[in-house]
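Take a look at the letters that make up each chain.
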Amino acid sequence: MTALDVRAEQIRTVYRQTGPVLLTNCVNSVIVGAALWSSVARPLMLGWLTLILVMSSARAWLYRRYIHANPMPSQAGQWGARFVVGSGAAGVLWGGACFFLMSEAGPLPELLVSFVIGGMCAAAAGTLASHLPAFIAFIGPALAALSLCMASLGDAMHDVMAVMVLIYAAGLTAVAKVNHRVLTEAFSLRFEKAMLLERLSVAQNVLEETNHTLEQRVVERTEAFRKQADALRDAQRMEAIGRLAGGVAHDFNNLLTVILINLSDVVERPTLDERTRSILKEVRQAATRGADLVRQLLLFSRRQHAVLETLDLNHVVRTLDTRLRRSLGEGNRLSLVLEDTSLFVHLDAAHLEQILINLIMNARDAMTSGGVVTVETRTLQLSEAADGIEAGSYAVLSVGDTGVGMDAATRQRIFEPFFTTKEVGKGTGLGLATVYGIVEQSGGQIRVRSEPRQGSCFQVYFPLGQPSTEARDAAAPRAGSGTRRAVKSRGAVTVLLVEDEPSVRAVAQRILEKAGHRVLTAQNADEALTLSAEHAGPIELLVTDVVMAGMDGPVLAARLCAQRPDLRALFISGYSRGHAVPRDDANNGVGFLGKPFTAQALLAKVNEILAVTAQERQPASKQG
């Protein structure tokens, strides 16, 4: 609210009074004209009435202009001045009428004119009080002329009446000022009230919007907390299952190692009859299948040894194209939608293959009446976290099908090991659990979208990488590696075997000794260090378990290699429990063999490491 707004409202108020004021002017002029028609010269009366009519018409026209213009508050001064001119013209006409209407000495003209002018001035104290200049412009000439006319008559009574008119004018002016102040305060209060109501309305709207926003935020935060709580519970449950799976796998790998080695030894005996040999082969197949299940458990529990390398996701998918189509079987179609540019990820190649095969087979089983499986690769840039995936650059591998889909309850459990919706005997329930474990171990994320009868889509998010020189060098053939397998082992060597499981240690010792090697055995790292210190001759190869009580295998190997620079190391492990395992690199005298293993696999790995050792020393022997 400003003074300009109040002034504009004052002008608007006097214009609103125009109708009653003009009507009163016209009616009073007609009454006066009719009453004094016979007492005043008719031409003079007609002229005065004509001027009254013209003045009233002009003021009516001004009023219409004002209404039509609907002026801004800044224009209130101009329209107020025009109204003052109109009011002044009316006051002049009525004041001028006093001279010719009261020219005839007599009480009736004086009484009538004084009554009419006095009444109109009294009314003006109310109708024109909102704009004092208009009030003064009207009563000033009207009452001043009336007072002069009274005084011009010359007697004492008329002189007193002239003074009384002036006093009357002063009183009306005081009343008009009071009315003006009251109206001004009323206008100010009205504007302040309107402004307060507007502010209150704005505040109410802001409050309602804030409440709505807060409600939305509460809903969003509640939903986010619920998802986080669900994710935390799922992660804790999966971690607990993973620890259990890892522990079970460790013991099973040791048992299966003993079983497979002994079975292989027995099956190859020439004295065995064919029926017994066939039975033992079936047992060996079952043990091998058990080893595969253990391997999948380890993949799920993220305890499987991984050989990480930089891979082009598109290249891997194209390489597996034929195998993927064969896995889908007849009646199903495979569609590849691959990114135009290479997508590099840091993964174990076998693990990536396992992910693709398992997802394809899961899609195949979901399409009971045939359908289409779409394998898609693309890049994704996340500027902020979304759906539990942190901001960053990702290579996304999607496998979608047109199968039966899943409900919410099924989606909650699909990554649990041994959970399956397939018929008994048609699935182990480890396929998607294996995918989950590999993805988590690789630092990726997996999400699934599925609804009943609308198919499913698995999306795997791998951190996007760049091909490095180290990765290219690692993938390239090393000097001499092309003839590595053609180089034979140099024969019997001394092997230090360190294994905390007695049965595994016994069969491994038997295999190595049967191959002609001399074997020193220890059940832990401390025994191995003591044996090494007490053994005066060379020890060419260390075969050690990775996870042992006290000192683990890699630390033991580092200690012994510091003492014996020519020592080679072969690590054997069912699972690493998060221990760092040296990369399998026979060229550098380091090997890795996962449990369970067969006698042939153990001897092949030993010969591989020793063969490279012999090749490396051959130039030195020639020089000697």
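Here, every reference points to the structure presented above.
Thresholds, definitions, all that
Residues numbered from 1 in each chain as written. Predicted model: local features only at pLDDT ≥ 70, side-chain atom pairs only at ≥ 80, totals over all residues. Heavy atoms only, no water. Buried < 20%, exposed > 50% of the residue type's maximum accessible area, 1.4 Å probe, protein only. Helix = DSSP H or I, 4+ residues; strand = E, 2+ residues; numbered from the N terminus. Pairing = 2+ DSSP bridges. Axes fitted to C-alpha atoms, helices over the stretch in contact; angles between N-to-C directions. Contact = heavy atoms within 4.5 Å. Expected span 1.5 Å × (residues − 1). Salt bridge = Lys/Arg side-chain N within 4 Å of Asp/Glu carboxyl O. Core = buried A, V, L, I, M, F, W, Y, C linked by side-chain atoms within 4.5 Å. Phe/Tyr/Trp six-rings, centres within 6.5 Å; stacked < 30°, edge-to-face > 60°. Lys NZ or Arg CZ within 6 Å of the ring centre and 35° of its normal.

Trainee: How should I be thinking about the pairing of strand 3 (residues 344–347) in this particular structure?
Mentor: Here is the key point about a regular strand: its side chains alternate between the two faces of the sheet. Side-chain alternation along strand 3 places Val-345 and Leu-347 on a buried face and Phe-344 and His-346 on a face that remains uncovered. As judged from the 4 bridges shared by strand 1 (residues 309–312) and strand 3, these two strands associate in the antiparallel manner. For Asp-312, the partnering residue across the bridge sits in strand 3 and is Phe-344.

Trainee: What am I meant to see in unusual backbone geometry here?
Mentor: Negative phi values dominate among residues other than glycine, just as trans dominates among peptide bonds. Cis geometry marks the peptide bond from Lys-595 to Pro-596, where omega comes out at -5°. Structurally, the position occupied by Pro-596 is in the loop between strand 12 (590–594) and helix 18 (599–623). Even without a glycine there, the phi angle at Asn-70 is positive, about 45°. Of note, Asn-70 is situated in the loop between helix 3 (42–69) and helix 4 (76–101). Using a relative accessible area of 58% as the deciding quantity, one classes Asn-70 as exposed.

Trainee: Sorry, what's going on with the sheet that holds strand 11 (residues 568–573) here?
Mentor: Taken together, 5 strands build an open sheet; the order of strands is 9-8-10-11-12 and the sheet is parallel. Every interior strand has two partners, whereas the edge strands, strand 9 (518–522) and strand 12, have only one. Neighbour to neighbour, the strand axes of the sheet diverge by 20° on average, direction disregarded. Pairing between strand 8 (residues 494–498) and strand 10 (residues 541–545): 4 bridges, direction parallel. Residue Val-495 lies in a different strand from strand 10, and its bridge partner there is Leu-541. Packed onto the sheet, helix 15 (residues 502–514) meets strand 8 and strand 9 and runs at close to 165° relative to strand 9. Its contacts with the sheet place helix 17 (residues 553–563) against strand 8, strand 10 and strand 11, and it is angled at close to 160° to strand 10.

Trainee: Quick question: what am I supposed to make of helix 1 (residues 3–16) here?
Mentor: An α-helical segment advances 3.6 residues per turn. Residues three or four places apart therefore align on the same side. Under the 1.5 Å per step criterion, the end-to-end length of helix 1 is 20 Å for 14 residues, consistent within 8% with the ideal 20 Å. Regarding helix 1, the residues found buried are Val-6, Ala-8, Glu-9, Gln-10, Ile-11, Thr-13, Val-14 and Tyr-15.

Trainee: Help me out: how do you make sense of the pattern of salt bridges in this one?
Mentor: Note that side chains of opposite charge can pair when their charged atoms are close. One pass over the full model with this rule turns up 12 salt bridges. Salt-bridge contacts for Glu-451 lead to Arg-411; the nearest nitrogen and oxygen are separated by 3.9 Å. In this pair, Glu-451 sits in the loop between strand 6 (445–450) and strand 7 (456–463) while Arg-411 sits in helix 12 (residues 408–413), placing the two residues 40 residues apart along the sequence. Linked through salt bridges whose partners overlap, the residues forming this network are Glu-9, Arg-12, Arg-16 and Arg-190.

Trainee: What is the right way to read the pairing of strand 4 (residues 371–382) from this model?
Mentor: Across 6 bridges, strand 2 (residues 332–337) lies against strand 4 in parallel orientation. Paired with Leu-334 across the bridge in strand 4 is Val-373. Note that strand 4 and strand 5 (residues 392–401) share 10 bridges and pair antiparallel. Within strand 5, the residue paired with Val-373 across the bridge is Asp-401.

Trainee: Please clarify how the nonpolar core should be interpreted in this entry.
Mentor: Soluble globular proteins tend to pack their nonpolar side chains together in the buried interior. Trp-94, Leu-101, Ile-117, Phe-138 and Leu-143 are the most contacted members of the largest nonpolar core, which totals 47 residues. Among all residues touching Phe-138, those that are not within four sequence positions of it are Ser-87, Ala-90, Gly-91, Trp-94, Met-120, Cys-121, Ala-124 and Leu-128.

Trainee: When you look at the packing of aromatic side chains in this model, what are you seeing that I'm missing?
Mentor: Aromatic ring pairs are defined here through the distance separating the ring centres and the angle between the ring planes. Applying the stated criterion across every chain, the model contains 8 aromatic pairs. Seen in terms of ring centroids, Tyr-15 and Tyr-66 are 4.1 Å apart; in terms of plane orientation they differ by 0°. Their pairing is stacked. Residue Tyr-15 is located in helix 1, and its partner Tyr-66 is located in helix 3; the two are separated by 51 residues in the primary sequence. The class for Tyr-66 is buried, based on a relative accessible area of 8%. Consider the rings of Trp-48 and Trp-94, whose centres lie 5.1 Å apart with planes at 80°: the pair is edge-to-face. With Trp-48 in helix 3 and Trp-94 in helix 4, this residue pair connects regions lying 46 residues apart in the sequence. The ring of Phe-83 carries the charged tip of Arg-59 above its face, separated from the ring centre by 5.4 Å. Seen from the ring of Trp-79, Arg-82 lies directly overhead, with NZ or CZ sitting 4.5 Å from the centre.

Trainee: Mind showing me how you'd approach the sheet that holds strand 4 here?
Mentor: Within a sheet, adjacent strands bond to each other through the backbone by hydrogen bonds, running parallel or antiparallel. Read from one edge to the other, the open sheet built from 5 strands follows the order 2-4-5-7-6, with strand pairing classed as mixed. Where the open sheet ends on each side, the last strands, each with one partner, are strand 2 and strand 6. Strand after strand, the sheet turns through a mean of 20° between neighbouring axes, direction not considered. Packing of helix 11 (residues 349–366) onto the sheet brings it into contact with strand 2, strand 4, strand 5 and strand 7, and relative to strand 5 it is tilted by some 35°.

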